[in-house]
Amino acid sequence: MLTALFAAAAVYTLRQAVLTRGSGWRGRGDSLLHTVMASAMAVMPWHLIDDGPPPGRTAFFFAAAALWFPLTAVLGLRGPRLSGLVHRSPHAVGMLAMAWMPVRHGGVTDAHTGEMVTGVLTLCLLAYALRSLTRDMPALLGTPGSAGMSTDLGGPCDRFWQGSTALGTAVMLLSHH
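What counts and how
Residues numbered from 1 in each chain as written. Predicted model: local features only at pLDDT ≥ 70, side-chain atom pairs only at ≥ 80, totals over all residues. Heavy atoms only, no water. Helix = DSSP H or I, 4+ residues; strand = E, 2+ residues; numbered from the N terminus. Buried < 20%, exposed > 50% of the residue type's maximum accessible area, 1.4 Å probe, protein only. Contact = heavy atoms within 4.5 Å. Areas by Shrake-Rupley, 256 points an atom, 1.4 Å probe, with all protein chains shown as cover. Core = buried A, V, L, I, M, F, W, Y, C linked by side-chain atoms within 4.5 Å. Axes fitted to C-alpha atoms, helices over the stretch in contact; angles between N-to-C directions. Left-handed = near helix turned anticlockwise from the far one by under 90°. Phe/Tyr/Trp six-rings, centres within 6.5 Å; stacked < 30°, edge-to-face > 60°. Patch = residues over 30% accessible without salt bridge, like charges linked within 9 Å, V, L, I, M, F, W, Y side chains within 5 Å. Salt bridge = Lys/Arg side-chain N within 4 Å of Asp/Glu carboxyl O. pLDDT = per-residue confidence, 0-100. Parallel < 35°, antiparallel > 145°, perpendicular 65-115°, else oblique. Expected span 1.5 Å × (residues − 1).

Colleague: What am I meant to see in the overall build of the protein here?
Modeller: For the protein, the helix and strand inventory stands at seven helices and zero strands. Shown N-terminal to C-terminal, the secondary structure of the protein runs as helices and strands in the order α-α-α-α-α-α-α. Sorting the 177 residues of the protein into buried and exposed places 39% on the buried side. Taking all contacts inside the protein whose residues are at least 6 apart in sequence as the whole, residues at least 24 apart take part in 73%. Accessible area of the protein: about 10100 Å², with a carbon and sulfur share of 72%.

Colleague: Would you mind showing me how to read the nonpolar core here?
Modeller: The nonpolar side chains of soluble globular proteins are, as a tendency, buried together. With 33 residues, the main nonpolar core has Met41, Phe62, Met95, Met98, Met101, Leu125 and Leu173 as its most contacted residues. Those elements giving two or more residues to this core turn out to be α1 (2-19), α2 (24-43), α3 (55-75), α4 (81-105), α5 (111-134) and α7 (156-175). Top contributing element to this core by residue count: α4, with eight residues. Setting aside chain neighbours within four positions, we find methionine 41 in contact with Phe6, Met98, Met101, Gly168, Thr169 and Met172.

Colleague: What's the story with the packing of α4 against α5 in this structure? I'm lost.
Modeller: Each pair of packed helices gets described by two things: the angle between the helix axes and the distance between those axes. Viewed as axis vectors pointing N to C, α4 and α5 meet at an angle of 150°, and their least axial separation amounts to 10 Å. The chirality of how α4 crosses α5 is left-handed. Each of Pro90, His91, Val93, Gly94, Leu96, Ala97, Trp100 and Arg104 in α4 lies in contact with α5, whose residues at this interface are Gly114, Val117, Thr118, Leu121, Cys124, Leu125 and Tyr128.

Colleague: Sorry, what's going on with the packing of aromatic side chains here?
Modeller: Aromatic rings in a pair are described by how distant their centres are and how their planes are angled relative to each other. For the structure on display, the rule yields four aromatic pairs. The interplanar angle of 80° and the centroid separation of 5.8 Å between the aromatic rings of tryptophan 25 and tryptophan 68 together place this pair among those described as edge-to-face. A residue pair is termed long-range when its members are at least 10 positions apart, and tryptophan 25 in helix α2 and tryptophan 68 in helix α3 qualify at 43 residues. Aromatic ring contacts, followed pair by pair, group Tyr12, Phe160 and Trp161 into a single cluster.

Colleague: Got a minute to help me understand a nonpolar patch on the surface in this structure?
Modeller: Together, Leu123, Leu126, Leu133, Phe160, Leu167 and Val171 make up a nonpolar patch on the protein surface, roughly 490 Å² of accessible area in all. Mapped by element, the contributors of at least two residues to the nonpolar patch are α5 and α7. Here leucine 133 shows up in helix α5.

Colleague: For this particular structure, what's the right way to read the confidence of the model for the protein?
Modeller: Residues shown with low pLDDT carry predicted positions that ought not to be read at fine detail. Averaged over all residues, the pLDDT of the protein is 83; the fraction at 70 or higher stands at 81%. Within the protein, α5 carries the highest mean pLDDT (94), whereas helix α6 (residues 137-141) carries the lowest (62). Between residues 145-152, whose pLDDT stays under 50, and residues either more than four places distant or in other chains, the model counts nine contacts.

Colleague: Where do I start with the packing of α3 against α4 in this structure?
Modeller: The contact between α3 and α4 brings their axes to 7 Å, and the two run at 175°. One way to sum up the angle between α3 and α4 is to call them roughly antiparallel.

Colleague: Quick question: what am I supposed to make of the side chain of histidine 34 here?
Modeller: Looking at the element boundaries, histidine 34 is found in helix α2. For histidine 34, the contacting residues outside a window of four places in its chain are Thr13, Phe69, His91 and Met95.

Colleague: What's the story with α1 in this structure? I'm lost.
Modeller: Helical periodicity: at 3.6 residues per turn, an α-helix aligns residues three or four positions apart in one direction. Along its 18 residues, α1 runs 25 Å from first to last C-alpha, staying within 8% of the 26 Å computed at 1.5 Å per residue. Residues of α1 that are buried: Leu5, Phe6, Ala9, Ala10, Tyr12, Thr13, Gln16 and Ala17. Packed against the buried residues of α1 are α2 and α7.

Colleague: What exactly am I supposed to notice about α7 here?
Modeller: Its 20 residues place the ends of α7 28 Å apart at the C-alpha level, agreeing with the 28 Å of an ideal helix rising 1.5 Å per residue. If you check which residues of α7 are buried, you get Arg159, Trp161, Gly163, Ser164, Thr165, Ala166, Gly168, Thr169, Ala170, Met172 and Leu173.

Structure, rendered in structure tokens:
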């Protein structure tokens, strides 16, 4: 089930990178990083990732990808930097989780530190998943006052994929535990 989720997310984010006009270099970079992440997560349950790049390279790549999101928010010329940083933080947390998995799997940290880091990352991902996946529920139910809801997470389709992959990543963090 997780393989299907992440494979579909990879196709969706690749489509976003290729077909979305006007998203600029930052939007395309975001989509391509999410495509790589979703693709890696799709094969992870089958342990095919062991045949891929060494864990150190994987951790380094995803740690660098995690830095992409806050750096492009701070260096961006559009909108307030603090709100951009807050908006992009969940994406950075997802990439940090990807960087953390090979480190933890390799036994680089002591058990207590590993538990703590895994717990914090999982809680952040679960909070973001709940926010993304339930954001449109008042609008879907016709609740009064739902028309003025903020769209800071993109459209409903974007929020569905972002929330679903955050939830899937949280499950993967816990399943390796």
